[in-house]
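Breakdown of the fold
Chain by chain, the residues:
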Amino acid sequence: MINEFPQVVTIGGSDSDGSAGIQADLYTFFARKTHGMSILTAAVAGNSYGIHAAHALPLDFIDAQFKALNDDFELKAAKTGMLADATLIHNVAENLQRVNFGYLVVDPVISTKHGATLLELAAVDTLKAELLPLADVTTPNFYEAEILANMQITSPADQMRAAERIQQLGVKNVMVKGQHGIDANQEMVRDYVLLADGEGFWLEGKFVNTDHINGTGDTLSSIIVAELAKGNSVKAAIQLAKQLTLAAITHEIEVGHKYGPINHWAMAD
């Protein structure tokens, strides 16, 4: 039957070295046996040393991409990645309300997992007011959760409270990731998940001290998208995403001279 195979889409930027952004999303969709599509919002010229140039796409072209996919395909789930500014977030939120792309997972790319800011305050406010209320799942890292919840996280109880505050913004299910690189002796990372029905639980995984972590957040959220498109529950999708992303980090591949990608081959069935 036409369009029976699970189809998903990533909405975000292109990372030219293939380690993150829509490239990491598409690798993940392929590994998880879904057909991945993309709506490109920006492109960066980058390598393992960093980003050297960036270019945002015109809003009318972004609109055209949304329309083209919606006119033809039966998408089961979508995700957003890095959206550069408030204008773009507003545009994406408006488009998502005009189309039927199924489940929505928002990876709120506000800061790096080490706390470096990537999104200005006005854009964060737009994300909270316009995009998160449309989302079925959001997956903030430790520092993003602090920003979205408007609080410091200093304990497991704080992590749980942050998830509650983020859920109050309108998103149904929240995964607040634990802090990475706390000290040289860190052994585990604990993520807290709060589901729409009020159930909360912890996911624990080994902390891997490596520079090959580019695309980790993209990959985790993309696994959730793929599994939801295949009919799995939100809880099962999040649990599997934690497990498979850890496998992709643990089984390193040597690509680039500095900060490298994770291993998407490690998550294929």
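Structure first, text after, so check above.
Note that residues are indexed from 1 along each chain, following the sequence as it is written. Owing to the predicted nature of the model, reporting of local features is limited to residues with pLDDT of at least 70; listing and counting of side-chain atom pairs is limited to 80 or more, with chain, interface and lining totals taken over all residues. Excluded from the side-chain calculations are hydrogens and water; all other atoms, namely the structure's heavy atoms, are used.

What to know about the environment of V255
Worth spelling out the cut-off: Secondary structure elements follow DSSP: runs of H or I of four or more residues count as helices, runs of E of two or more count as strands, with numbering from the N terminus. Buried residues are those whose accessible area, probed at 1.4 Å on protein chains only, stays under 20% of the maximum for their type, while exposed residues exceed 50% and partly exposed ones sit between those limits.
Of note, V255 is situated in the segment after α8 (234–250). By relative accessible area, which is 40% here, V255 ends up partly exposed. For V255 and S48, which are 207 residues apart along the polypeptide, the C-alpha to C-alpha distance reads 8.2 Å.

A few points about the sheet that holds strand β7 (residues 173–176)
Stated formally: For two strands to pair, DSSP has to find at least two bridges joining them. Only heavy atoms enter the contact rule, under which two residues are in contact if any of them lie within 4.5 Å. Angular values range over 0 to 180 degrees, each being the angle between N-to-C directions of two axes fitted as lines to C-alpha atoms, with helices fitted over their stretch in contact.
If you walk across this open sheet you meet the nine strands as β3-β2-β1-β4-β5-β6-β7-β8-β9, and the pairing is mixed. Looking along the sheet, the strands with just one partner apiece sit at the ends: β3 (50–56) and β9 (200–206). Here β7 runs beside strand β8 (residues 188–194); their pairing, made up of three bridges, is antiparallel. Bridging from a neighbouring strand, M175 pairs with V193 of β8. Sheet strands in contact with helix α6 (residues 156–167) are β6 (137–138), β7, β8 and β9, and its direction is about 35° off that of β8.

Concerning the side chain of T219
With respect to the element layout, T219 can be found in helix α7 (residues 216–229). A relative accessible area of 0% means that T219 is categorised as buried. Ignoring sequence-local partners within four residues, the contact set of T219 consists of A24, T28, T245, I262, H264 and M267.

Things to note about the nonpolar core
Under the convention used in this document: We define the nonpolar core as a collection of buried residues of types Ala, Val, Leu, Ile, Met, Phe, Trp, Tyr and Cys that are connected through side-chain atoms lying within 4.5 Å of one another.
Membership of the largest hydrophobic core comes to 43 residues, with the highest contact counts inside it found for V9, I39, F66, L96, F101, L131 and I166. If one sorts the elements of this core by residue count, helix α3 (residues 86–98) sits on top with six residues. If we skip the residues at most four places from it in the chain, I166 touches T138, P140, A145, L148, A149, V171, V174 and V176. L195, A226, A237 and A241 belong to the second largest nonpolar core, which has 29 residues in total.

Section: the environment of A123
Take A123: it is sitting in helix α4 (residues 121–131). Accessibility expressed as a relative area gives 0% for A123, which makes it buried. Separated by 115 residues in sequence, A123 and V8 have C-alpha atoms that sit 25 Å apart. When residues no more than four places from it in sequence are discounted, the contact partners of A123 are D85, A86 and I89.

Points about the packing of α7 against α8
Our working definition: Angle categories are assigned with fixed cut-offs, so that under 35 degrees is roughly parallel, over 145 is roughly antiparallel, 65 to 115 is roughly perpendicular, and the rest are oblique. Handedness of a crossing is defined here by the sense of rotation of the near helix relative to the far one, left-handed for an anticlockwise turn of less than a right angle and right-handed for a clockwise turn. Residue type decides the class: Asp, Glu, Lys and Arg count as charged, Ala, Val, Leu, Ile, Met, Phe, Trp, Tyr, Cys and Pro as nonpolar, and the leftover types, Gly among them, as polar.
For the pair α7 and α8, interaxial distance at closest approach is 8 Å and the crossing angle is 140°. Viewed along their axes, α7 and α8 adopt a mutual orientation that is oblique. Handedness of the crossing formed by α7 with α8: right-handed. Two secondary-structure elements touch here, α7 through T216, T219, L220, I223, I224, E227 and L228 and α8 through V234, A237, I238, L240, A241, K242, L244, T245 and I249. In terms of residue class, the contact of α7 with α8 is built from eleven nonpolar, three polar and two charged.

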